[in-house]
Amino acid sequence: MAKDYYNILGVTKTASEEEIKSAFRKLAHKYHPDKKGGDEKKFKEASEAYAVLSDKKRRAEYDSYGKTFAGGGPRGGFEGFDFSNFANGGFSSQEFDLGDIFGEFFGGGGPVSGRGGKRRGRDISVDIELPFREAIFGTERRMLIAKMSVCGACDGTGAKRGTKRTTCGSCNGKGEIREARNTFFGNFTTTRTCPRCLGRGEVPEHECDTCKGQGVAKREEEVHVIIPAGVSDGEMIRMPGRGEAAAGGGAGDLYVKLHVKADRAFAREGNNLLTVLHLKLTDALLGGDFKVETLDGSVNVAVPRGIAHGELLRVRERGVPHGRGSRGDLLVRIDIQFPKKLSREAADLIERLRKEGL
């Protein structure tokens, strides 16, 4: 379930930038893990919420989709925010960038996934427009997306084919570097991914000419999207690992947003479909069998005598597929078309009917 960043900070969705900043200040002061009675988990949550809601682009993405696509984590969310007088319970002019101190504390160095701080590529999103009938019964799409992908020339190793890899001298083959820093809050020991080998522990003896040793390169990649039956307009399909690849790490996710075109004959109500059957006044009075179009072809529908305008008839199992082999129904709304002009003979007949109490 997506986190409610507004609720975490205790602000409304219409909160201004200053209100968001002020709310974060209070929570950061209250929950900082180095303070007595602090709460590391709540401090991280507040920091993550502030990182998203203080950035206009990421806040707009979060408001629209419930998440952001520019990468996860709170890195960069502390820019312009000052903790220099934190210990005294106040805030003064900026003296240093807290993001520089706590970057690795939250798994810095770029988007990460997992406890090991492994780099993770960016999530990306695309839009697909679907005809109404394809949304009901499902379909497939193949599309070319230009994104950072595993380098095809070296298969992601970063090394020229046929050459060796050697132990990284920066991290001695461990793939990560431990650093001790003396800060305003005390001594911190942090672990970050080695910037030279990108966590691999090895470096190429001769770099790949295509990706320059990174293991990833921008190229067009074909993506096969399977769209299940019964999707709705605005629905998102998540494809794990099909986003952008990160050098020395994993790939982000691809989010496909579906836009379903309206249909002239059918409207959707949950798992049911709604259509309209136009009847003459005499047909509504006398009833009979009438042909109705469905998404599976035409069917005959029995209309009882004296049916009312706006009344609904139900055709079972001709609606939206859902579950295992189940389908909703087709609802047929009766539209009685009253004549705007009457001949003298027709008017006389209706007058006789009125005298009979009809």
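Structural data are supplied above this passage.
None of the values given here were measured: they were computed from a predicted structure.

Procedures and definitions
- Residues numbered from 1 in each chain as written.
- Predicted model: local features only at pLDDT ≥ 70, side-chain atom pairs only at ≥ 80, totals over all residues.
- Heavy atoms only, no water.
- Pairing = 2+ DSSP bridges.
- Helix = DSSP H or I, 4+ residues; strand = E, 2+ residues; numbered from the N terminus.
- Axes fitted to C-alpha atoms, helices over the stretch in contact; angles between N-to-C directions.
- Parallel < 35°, antiparallel > 145°, perpendicular 65-115°, else oblique.
- Left-handed = near helix turned anticlockwise from the far one by under 90°.
- Contact = heavy atoms within 4.5 Å.
- Nonpolar A, V, L, I, M, F, W, Y, C, P; charged D, E, K, R; others polar.

Draft legend 1. Focus on the sheet that holds strand β19 (residues 330-337). Within the open sheet, the 4 strands sit side by side as β12-β13-β19-β16. Their pairing is mixed. The open sheet terminates on both sides in strands that have one partner only, identified here as β12 (267-269) and β16 (312-315). Taking the axes of each pair of neighbouring strands and ignoring which way they run, one obtains an average angle of 35° across the sheet. As judged from the 3 bridges shared by β12 and strand β13 (residues 272-280), these two strands associate in the antiparallel manner. Bridge assignment links Ala-267 to a residue of β13, and that residue is Leu-274.

Draft legend 2. Region of interest: the packing of helix α2 (residues 17-31) against helix α3 (residues 40-53). Running from N to C, α2 and α3 point in directions that differ by 165°, and their axes come no closer than 9 Å. The pairing of α2 with α3 is recorded here as roughly antiparallel in orientation. Note that α2 runs across α3; the crossing there is left-handed. On the side of α2, the interface is formed by Ile-20, Lys-21, Phe-24, Leu-27, Ala-28 and Tyr-31, while α3 contributes Glu-40, Lys-42, Phe-43, Ala-46, Ser-47, Tyr-50 and Leu-53. Tallied by class, residues from the contact of α2 with α3 come to 9 nonpolar, 1 polar and 3 charged.

As far as function goes, none of this settles anything; it's purely spatial.
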